[in-house]
Amino acid sequence: MRTALNINKLNTVYNKTARYYDFYHRIGTFGLDEKGRNYLIQHLVKENDFILDAGGGTGRSSFLSLKLTRGHAKAVVLDQSELMLEKGREIAKKAGLSDKIEFINADMYSIPFNDNTFDKVISTYSTCPLDNPANAVIEMLRVLKPGGLLGIAHSTNPENKITRWISTKFENLLWKFPRLSLGCRNIELVSDIQKLNVSIETNKTIGFIPFYFKILIIRKP
Ligand SMILES: C[S@@+](CC[C@H](N)C(=O)[O-])C[C@H]1O[C@@H](n2cnc3c(N)ncnc32)[C@H](O)[C@@H]1O
């Protein structure tokens, strides 16, 4: 796993890309990002859920959750980039959803909520830029209610040696341009999660050369 960008660099990257992030991420991943979000949300979110969208950026996963529940859910989008959050607030205002989604500037390593607060926690593509994604998983599980589900989508390496080689070459190239890579690395989290007292209910990989995303659904006992 390559070394993550430092927090200041990461913030600069996201503040600079906030205006066009949703469009860029969609085009840049050939729509695979939305496929991952939709899979997670359809398998996780239920009406009246209180949801934490950790590293939620512009709130795309929260907007999809509200759409699925026809507005019968509430979400908190937590992110460290103020301009990503600002863009999300604008989208919520235009959609008349400001009373359903709150946008807060905070750190995924230190979530400002009590233990056992949320019915569901979602992290779509927000663990891959972190320097210690396993610690963020522990923190997300802390604020999740017992029996609740944590859904994670993150960039990963494919299993197959040849596709892995191509994917790594592509990652190496993108990494030279932080505004293109968005600081997202291919990571592996399953072995760390297996050490925790949780059950992994879904563990699948979606994608094609050169993008692969791991989709995980984890239940807190
Ligand atoms: C690739 S974006 C994903 C945004 C959104 N979840 C989505 O599905 O499009 C990664 C997000 O993680 C945020 N992030 C990175 N490190 C963070 C941290 N330590 N605490 C909170 N947010 C963080 C970034 O600011 C960025 O908005």
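Residues numbered from 1 in each chain as written. Predicted model: local features only at pLDDT ≥ 70, side-chain atom pairs only at ≥ 80, totals over all residues.

K.L.:
Could you clarify how one ought to interpret the sheet that holds strand 3 (residues 101-105) in this entry?
P.N.:
Remark on secondary structure: sheet strands pair via backbone hydrogen bonds, oriented parallel or antiparallel. Strand order in the open sheet made by the seven strands is 3-2-1-4-5-7-6, with mixed pairing throughout. Edge positions in the sheet fall to strand 3 and strand 6 (199-208), since each of these pairs with one other strand and no more. Sheet twist, expressed as the average angle between the axes of neighbouring strands with direction ignored, equals 15°. Across nine bridges, the pairing between strand 6 and strand 7 (residues 211-219) is antiparallel. Residue pairing for strand 7: T205 is matched across the bridge by K214. (Pairing = 2+ DSSP bridges. Helix = DSSP H or I, 4+ residues; strand = E, 2+ residues; numbered from the N terminus. Axes fitted to C-alpha atoms, helices over the stretch in contact; angles between N-to-C directions.)

K.L.:
Can you walk me through the packing of helix 3 (residues 32-44) against helix 4 (residues 60-68) in this structure?
P.N.:
Helices that pack against each other are described as a pair by the angle of their axes relative to one another and the distance between those axes. Two numbers describe how helix 3 lies on helix 4: the axes approach to 10 Å, and their chain directions differ by 45°. When the interaxial angle is binned, helix 3 and helix 4 end up oblique. Where helix 3 crosses over helix 4, the two elements pack in a sense that is right-handed. Mapping the contact onto sequence places R37, N38, I41 and Q42 in helix 3 and R60, S61, L64, S65 and L68 in helix 4. Grouping the amino acids of the contact of helix 3 with helix 4 by side-chain chemistry returns three nonpolar, four polar and two charged. (Parallel < 35°, antiparallel > 145°, perpendicular 65-115°, else oblique. Left-handed = near helix turned anticlockwise from the far one by under 90°. Contact = placed C-beta atoms within 7 Å. Nonpolar A, V, L, I, M, F, W, Y, C, P; charged D, E, K, R; others polar.)

K.L.:
Can you walk me through the nonpolar core in this structure?
P.N.:
Within soluble globular proteins, side chains that are nonpolar tend to cluster in buried spots. Core analysis: the largest hydrophobic core is formed by 51 residues, its most contacted members being L52, V121 and M140. Ignoring any residue separated from it by four or fewer positions in sequence, one finds L52 in contact with V76, L78, F118, V121 and V143. (Core = buried A, V, L, I, M, F, W, Y, C linked by C-beta atoms within 7 Å. Buried ≥ 20, exposed ≤ 12 C-beta atoms within 10 Å, placed from the backbone.)

K.L.:
Explanation requested: unusual backbone geometry in the structure shown.
P.N.:
Peptide bonds are trans in most cases, and residues, glycine excluded, mostly fall at negative phi. A cis amide bond, omega 0°, links I209 with the succeeding residue P210. Tracing the sequence through the fold places P210 in the loop between strand 6 and strand 7. Despite not being glycine, F30 has its phi angle at roughly 55°, a positive value. By the element assignment, F30 lies in the loop between helix 2 (21-28) and helix 3. Residue classification places F30 among the exposed positions, given that 12 C-beta atoms sit within 10 Å. We note that Y125 has phi near 65°; this positive angle belongs to a residue other than glycine. Within the secondary structure, Y125 sits in the loop between strand 4 (118-124) and helix 6 (133-143).

K.L.:
Looking at this structure, how should I read the site of the ligand?
P.N.:
Taken together, 23 residues sit near the ligand, with G55, G57, S81, M108 and T124 positioned nearest. Of all the elements in the fold, those that place two or more residues in the shell around the ligand are helix 1 (7-17) and helix 4. (Near = placed C-beta within 6 Å.)

K.L.:
Teacher, can you tell me more about the pairing of strand 5 (residues 144-155) here?
P.N.:
On a regular strand, one side chain projects to one face of the sheet and the next to the other, so that they alternate. Most of strand 5 sits out of view: nine of its twelve residues are buried. Of the strand pairs in this sheet, strand 4 and strand 5 are connected by six bridges, and their pairing is parallel. Within strand 5, the position partnered with V121 by the bridge is L150. With seven bridges connecting them, strand 5 and strand 7 associate as antiparallel partners. Paired with L150 across the bridge in strand 7 is I218.

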